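# Reading the structure
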There are 2 protein chains.
Amino acid sequence: MVNKKCIIRLSRYKNALTRLKAFGFVKVFSGNLADAAGVTSSQVRKDFSLFGITGNRRGGYNVDELINRILEILGKNEIQKVALIGAGSIGTALLKYKGFEMGGIKIMAAFDIDPIKINPNADTPILPLEEFHDFVTKHSIRVGILAVPDIAAHHVSEIMIGSGIQGILNFAPIQLRGAEGVIINNINLEVELENLIYFVNASEKTGITR
Amino acid sequence: MVNKKCIIRLSRYKNALTRLKAFGFVKVFSGNLADAAGVTSSQVRKDFSLFGITGNRRGGYNVDELINRILEILGKNEIQKVALIGAGSIGTALLKYKGFEMGGIKIMAAFDIDPIKINPNADTPILPLEEFHDFVTKHSIRVGILAVPDIAAHHVSEIMIGSGIQGILNFAPIQLRGAEGVIINNINLEVELENLIYFVNASEKTGITR
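Scoring rules and cut-offs
Residues numbered from 1 in each chain as written. Chains lettered and ligands numbered in written order. Predicted model: local features only at pLDDT ≥ 70, side-chain atom pairs only at ≥ 80, totals over all residues. Heavy atoms only, no water. Buried < 20%, exposed > 50% of the residue type's maximum accessible area, 1.4 Å probe, protein only. Helix = DSSP H or I, 4+ residues; strand = E, 2+ residues; numbered from the N terminus. Arc of directions from axis to C-beta. Contact = heavy atoms within 4.5 Å. Salt bridge = Lys/Arg side-chain N within 4 Å of Asp/Glu carboxyl O. Buried area = accessible area lost by both parts, 1.4 Å probe. Nonpolar A, V, L, I, M, F, W, Y, C, P; charged D, E, K, R; others polar.

### A word on helix α3 (residues 41-50) of chain B
Residue and element names in this part refer to chain B. Those residues of α3 that fall on the buried side of the exposure criterion are Val44, Asp47 and Phe48. Looking down the long axis of α3, one finds its buried residues gathered within 95 degrees of arc, a one-sided arrangement. α3 presents Lys46 and Ser49 as exposed residues on the side facing more than 90 degrees away from its buried surface. Against the buried residues of α3 lie α1 (4-22), α2 (30-37), β2 (61-62) and α4 (63-73). Within two residues after α3, Gly52 carries a phi angle of roughly 70 degrees, on the positive side.

If you want it as structure tokens, here you go:
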């Protein structure tokens, strides 16, 4: 069954492959990818067989072919267009983040309500929030990144969903709930860090279960 | 059993409580917290009973008492000190991120190898990487944030672990593996976004299982 974890592993294999390719590797073995993704070799082979990818036990997989096949599965042989709302510190960092472009993802524009931040001539244009609906409609964008303060997050998510956005990567520190047919992926940096701190403190005290 | 998901929920309850308190609420019910954290009321009560927190079915929980109790469990009645390595775009955004301070987490200093970025007089000092070991030893810091490019990530994680860091929040787009007694929490923004894109595309085509 194709589930979220399986797709996350495919992304990781693809990232590892892109790096191996940059270093001049032509062949790769399931053990290499297992290592890079932090799973077992048999997990790699299981994932691949799910998508009908076959290798040669002795010869391994061809790096180029494997990258193309995974990109095909991830629907990424064409550039994936996304829109960002919120050009604050997190939003600005995401605009500069090299990893997205390497992965074939392009932030087409950012949107904000603060007139000072508007800059239609930037590498990635920063536009007034009122233009969001028309922009994403015109460019057939269905995935958005939400990076606004907590107090605005729910309202902005409604604007996104009302404009036809079907997937939201949410950096605001509140849990957004999806609407029918909308997928929300909440990333809460504070919660992630708190969690780490808790277990570091706990392991010093007790050796608590992780 | 206290596991990672349970602690993540406690963090979310605490964040919701902090907001309710800011709006003047004195009492809260398990249903309010369930709503804010995206779980069921019975889950909230189960989590609380695990830590011996009891409410009054009709009167609910006192917001202040509940915040204090959760902070105590999360080990956060004192400020949690962390150190950041990498003052690039993600690192700089994290330095400006308000959520940490609200949650009692303080980034004590950032470290970088780029002389241009060094600024010991900034609000959060930005220091040369060579000073990392002495700094974290002096300030008893055991949790670090890693925000350097992929190619440097493994080397930098070794410096952190060699300096006594026991928990790493890793933003570099490679999977870091922990050493004995070190907890690593990998946040890969590209993988998260790719995952979302995959399922948005897939649900348009097939209605695939998430």
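From this point, the narrative continues.
### Some remarks on the pattern of salt bridges
According to the stated counting rule, one finds ten salt bridges over all chains in the structure shown. Linking Glu194 of chain A and Lys14 of chain B is a salt bridge whose minimum nitrogen-to-oxygen distance equals 2.5 Å. On the criterion of chain membership, the pair formed by Glu194 of chain A in helix α9 (residues 189-205) and Lys14 of chain B in helix α1 is interchain, its members lying in two chains. Owing to a relative accessible area of 1%, Glu194 of chain A belongs among the buried residues under this scheme. Overall, the relative accessible area of 4% leaves Lys14 of chain B in the buried class. Glu72 of chain B is the salt-bridge partner of Arg69 of chain B, the closest N and O atoms lying 3.0 Å from each other. A residue pair is termed a helical-turn pair when its members lie 3 or 4 positions apart in one helix, as Arg69 of chain B and Glu72 of chain B do in helix α4 at three residues. Residue Glu72 of chain B is classed as partly exposed on the basis of its relative accessible area of 49%.

### Looking at the interface of chain A and chain B
One widely used convention gives an interface's size as the accessible area the parts lose upon coming together. Facing the 68 residues of chain A at the interface are 69 residues of chain B. For the pair chain A and chain B, the summed buried surface comes to about 6600 Å²; carbon and sulfur atoms form 61% of the total. On the chain A side of the contact with chain B, Ile183, Glu190 and Leu196 of chain A bury the most area, a combined 10% of that side's loss. Applying the counting rule to chain A against chain B returns four salt bridges. Where Glu190 of chain A meets Lys14 of chain B, a salt bridge forms, and the shortest distance between an N and an O atom there is 3.3 Å. Considering each element in turn, the side of chain A that touches chain B owes the most residues, 14 residues, to α9 of chain A. A per-class count over the side of chain A that touches chain B returns 36 nonpolar, 17 polar and 15 charged.

By themselves, these are just geometric observations and shouldn't be taken as functional.
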